[in-house]
Amino acid sequence: MPAKLIVGTQWGDEGKAKVIDYLAKETEIVVRYQGGANAGHTVKVGEDKYIFRLIPSGILYPRTICVLGGGMVIDPDAMFAEIEELEAKGIHVAGRLRIADNAHLLMPYHKEIDVLTEEASGAHKIGTTKRGIGACYSDKVNRQGIRISMLYNESFYTEILPRLIEQKNNFLTKVYNAKPVVFETIKEKLLTLREKIRDMVINVPYYLNMELASGKQILLEGAQGTMLDLDFGTYPYVTSSNPTTGGALAGSGISFRYLEDVIGICKAYSTRVGEGPYPTEIFGEEGEALRKAGNEFGSVTGRPRRCGWFDVEVVRHAARINGLSALALTKIDVLDNLETIKVATGYELNGKRIDYFPSCSVNDVKVIYEEFPGWQEPTSHITKLKNLPKNTRKYIDALAKYCGVPIQWISVGPGRESTIALK
Ligand code: GDP
Ligand code: IMO
Ligand code: MG
């Protein structure tokens, strides 16, 4: 059963791409299954740094096929900008990219609506990446979206698109007093697009299940993280898709029977970008110091990421929902200089201990912390578990025990080589 799934266990930016890049060398096909250009997936190879938004992080291996799955919302402008950037760096994307015919197109008006909705929400804004994600998924759910396959049906341009644009313009002009979009401009854009992508568009469930049946290795690349999941995250401060295992199946179309491993990626501490509850957030100078040590600034928006301690309840929640078989613990080196490291080992709600992550009332939980002595020596150069400082190993062992999932990889730096495999 050769499909492996990589999911974020916290609020995104856990270092998923670093681990995907590390694992992709053994993989023939890498599939993104949800989200869109809200993702910022960083891979460092030597002195080169790549930040992927839509293209799967496996593209750096010259023989890997990369698939944009049906659960994605694809902004074609962002996709072509990314392809051009990669080609300019000598990474040949042509011929290795497949696009699901059931993926949705993210249109310029989705980005505009995202921005306008955030502005109109004032203190209740989500703090989105402004990439149009929520607006595009809303259209999908509302059956007003544009699937890639529709572009190849002539009646789409005469019967469906005019109605969609009329509805959009009603919304833009009447709700937001914004400028209408022009039907002819959008039609032309879509007609050009369909020729540019014609050779890449495929039926992804057919392709993937067939390749799996023939014994190929597939890696499913999640974007965002469990706590940003539309159903299992800190709603409404979430993204508009399901980064979790259920979303991986729905967004790729592979049969669950092929799923071998579900690998959860977690930082050795935690971060969050945007608004919403965050029980272990560290404020003030201590938070600032961690942000600096971890270089915690959004790779898409440049926004400073909120930083906090490792929260066992969050990762246990992720383990439960995703069926995690292993964890990859990243950015352990960021804690190198700390004297003491705190870990949230549980919550109290209304004076009672709870051992689950609550669906609401997250702001009301009292966090129970345990303190661990730091190691205060560098770890980035270390390649074997036994060479890590004793206190680092104690910290890692405690996290695995509390989370109830074995830690299989430890990442001590952004590069491929800074990875300790435990078996
Ligand atoms: P993703 O969205 O989960 O792929 O994560 P991002 O790429 O948004 O953010 C992770 C950041 O941490 C990137 O800048 C990575 O290069 C960096 N990174 C990943 N693993 C490590 C690590 O073990 N140590 C350090 N210091 N940086 C890391
Ligand atoms: P990767 O894949 C971290 C956050 C936004 C905001 C919320 C909703 O790099 O881990 P959206 O634009 O999706 O409607 O924003 O979700 N968010 C992320 N945070 N990493 C990401 O992706 C994110 N994608 C969205 O900051 O709080
Ligand atoms: Mg990221």
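**Some remarks on the pairing of strand β1 (residues 3–8)**
For β1, the tally of buried residues reaches five of six residues, placing the bulk of the element in the interior. The pairing of β1 with strand β11 (residues 259–267) spans six bridges and is parallel. Across the sheet, G8 pairs through a bridge with I265, a residue of β11.

**Considerations on the packing of helix α3 (residues 108–121) against helix α4 (residues 133–141)**
For the pair α3 and α4, the least separation of the axes is 7 Å and the interaxial angle reads 115 degrees. The two elements α3 and α4 meet at a crossing, and its hand is right-handed. Mapping the contact onto sequence places Y109, H110, I113 and D114 in α3 and I133, A135, C136 and D139 in α4. Looking at side-chain class alone, the contact of α3 with α4 contains five nonpolar, one polar and two charged residues.

**Examining unusual backbone geometry**
With an omega dihedral of 5 degrees, the bond running from Y235 to P236 counts as a cis peptide bond. One can find P236 in the loop between β10 (218–221) and α8 (245–252). Residue Q376 is not a glycine yet carries a positive backbone phi of 45 degrees. For Q376, the position within the fold is in the loop between β18 (366–373) and α11 (390–403). A relative accessible area of 47% means that Q376 is categorised as partly exposed.

**Quick notes on the packing of aromatic side chains**
Counting across every chain of the model gives seven aromatic pairs. Between W375 and Y395, the ring centres sit 5.9 Å apart and the planes meet at 50 degrees, which makes this aromatic pair tilted. One end of the pair, W375, is in the loop between β18 and α11; the other, Y395, is in helix α11, and 20 residues separate them in sequence. Of the two residues examined, W375 and Y395, each falls in the buried class. By the ring-pair criterion, three or more aromatic residues cluster together here, those being F372, W375 and Y395. It is K196 that lies over the ring of F80; its NZ or CZ is 4.0 Å from the centre. The ring centre of Y402 lies 5.2 Å from the NZ or CZ of K401, which sits over that ring.

**Focus on the site of ligand 2**
Every one of the 20 residues lining ligand 2 counts as a neighbour, but K16, H41, T129, Q224 and T239 are closest to it. Note that an oxygen atom of ligand 2 is positioned 2.9 Å from one of the side-chain N or O atoms of N38. Here Q224 contributes a backbone N or O atom positioned 2.8 Å from an oxygen atom of ligand 2. Expressed as a share of its isolated accessible area of 550 Å², the protein-covered part of ligand 2 is 97%. Across the shell around ligand 2, the residue classes tally to seven nonpolar, ten polar and three charged. No fewer than three residues from each of domain 1 (3–95 + 203–421) and domain 2 (104–196) sit in the shell around ligand 2.

**Regarding the coordination of the magnesium ion (ligand 3)**
Bound to the magnesium ion (ligand 3) are the protein donor atoms D13 (OD) and G40 (O), situated 2.0 to 2.2 Å from the metal. With a gap of 27 residues between them, D13 in the loop between β1 and α1 (16–23) and G40 in the loop between β2 (29–32) and β3 (41–45) connect regions that are remote in the sequence.

**Considerations on the domain arrangement of the protein**
According to the domain assignment, the protein contains domain 1 (3–95 + 203–421) and domain 2 (104–196). Domain 1 and domain 2 are separated by 30 Å when their C-alpha centres are compared. With 25 residues of domain 1 at the interface, the matching set in domain 2 holds 19 residues. Buried area between domain 1 and domain 2, summed over both chains or domains, comes out near 1,900 Å², and the portion from carbon and sulfur atoms is 56%. Our count for the domain 1 to domain 2 interface comes out at three salt bridges. For K111, the salt bridge goes to D75, with nearest N and O atoms at 2.8 Å. Applying the counting criterion to the domain 1 and domain 2 interface returns nine residue pairs in polar contact (both at pLDDT 80 or more). The set of elements that each furnish at least two residues to the side of domain 1 that touches domain 2 consists of β6 (73–74) and α2 (76–88). In terms of residue count, the dominant contributor to the side of domain 1 that touches domain 2 is α2 (three residues).

**Details of the environment of G222**
Along the chain, the position of G222 falls in the loop between β10 and α8. The exposure class assigned to G222 is buried, which follows from its relative accessible area of 0%. Setting aside its immediate chain neighbours within four residues, G222 contacts I6, K16, Y33, Q34 and H41.

**Re the site of ligand 1**
Not every one of the 18 residues close to ligand 1 is listed here, only the nearest: K16, G40, T42, D333 and S411. Here an oxygen atom of ligand 1 and a side-chain polar atom of S299 are 3.4 Å apart. A total of 580 Å² of accessible area belongs to ligand 1 in isolation, and the protein chains cover 91% of it. Of all the secondary-structure elements, those providing two or more residues to the shell around ligand 1 are α1 and β3. In terms of residues, the shell around ligand 1 owes the most to one element, α1, which gives three residues. Considering only residue class, the shell around ligand 1 consists of four nonpolar, seven polar and seven charged.

**Details of the side chain of R291**
By secondary structure assignment, the location of R291 is in helix α9 (residues 284–293). Taking relative accessible area as the criterion, R291 reaches 14% and is therefore assigned buried. The residues contacting R291, other than those within four sequence positions of it, are E296, F297, P304, R305, R306 and C307.

Calculation rules
- Residues numbered from 1 in each chain as written.
- Chains lettered and ligands numbered in written order.
- Predicted model: local features only at pLDDT ≥ 70, side-chain atom pairs only at ≥ 80, totals over all residues.
- Heavy atoms only, no water.
- Buried < 20%, exposed > 50% of the residue type's maximum accessible area, 1.4 Å probe, protein only.
- Helix = DSSP H or I, 4+ residues; strand = E, 2+ residues; numbered from the N terminus.
- Pairing = 2+ DSSP bridges.
- Axes fitted to C-alpha atoms, helices over the stretch in contact; angles between N-to-C directions.
- Left-handed = near helix turned anticlockwise from the far one by under 90°.
- Contact = heavy atoms within 4.5 Å.
- Nonpolar A, V, L, I, M, F, W, Y, C, P; charged D, E, K, R; others polar.
- Phe/Tyr/Trp six-rings, centres within 6.5 Å; stacked < 30°, edge-to-face > 60°.
- Lys NZ or Arg CZ within 6 Å of the ring centre and 35° of its normal.
- Near = heavy atom within 4 Å.
- Polar contact = N/O pair within 3.5 Å; in protein donor to acceptor, adjacent residues only side chain to side chain.
- Areas by Shrake-Rupley, 256 points an atom, 1.4 Å probe, with all protein chains shown as cover.
- Domains from an automatic or database assignment.
- Donors = N, O, S within 2.8 Å, 3.2 Å for Na, K, Ca; no water.
- Buried area = accessible area lost by both parts, 1.4 Å probe.
- Salt bridge = Lys/Arg side-chain N within 4 Å of Asp/Glu carboxyl O.

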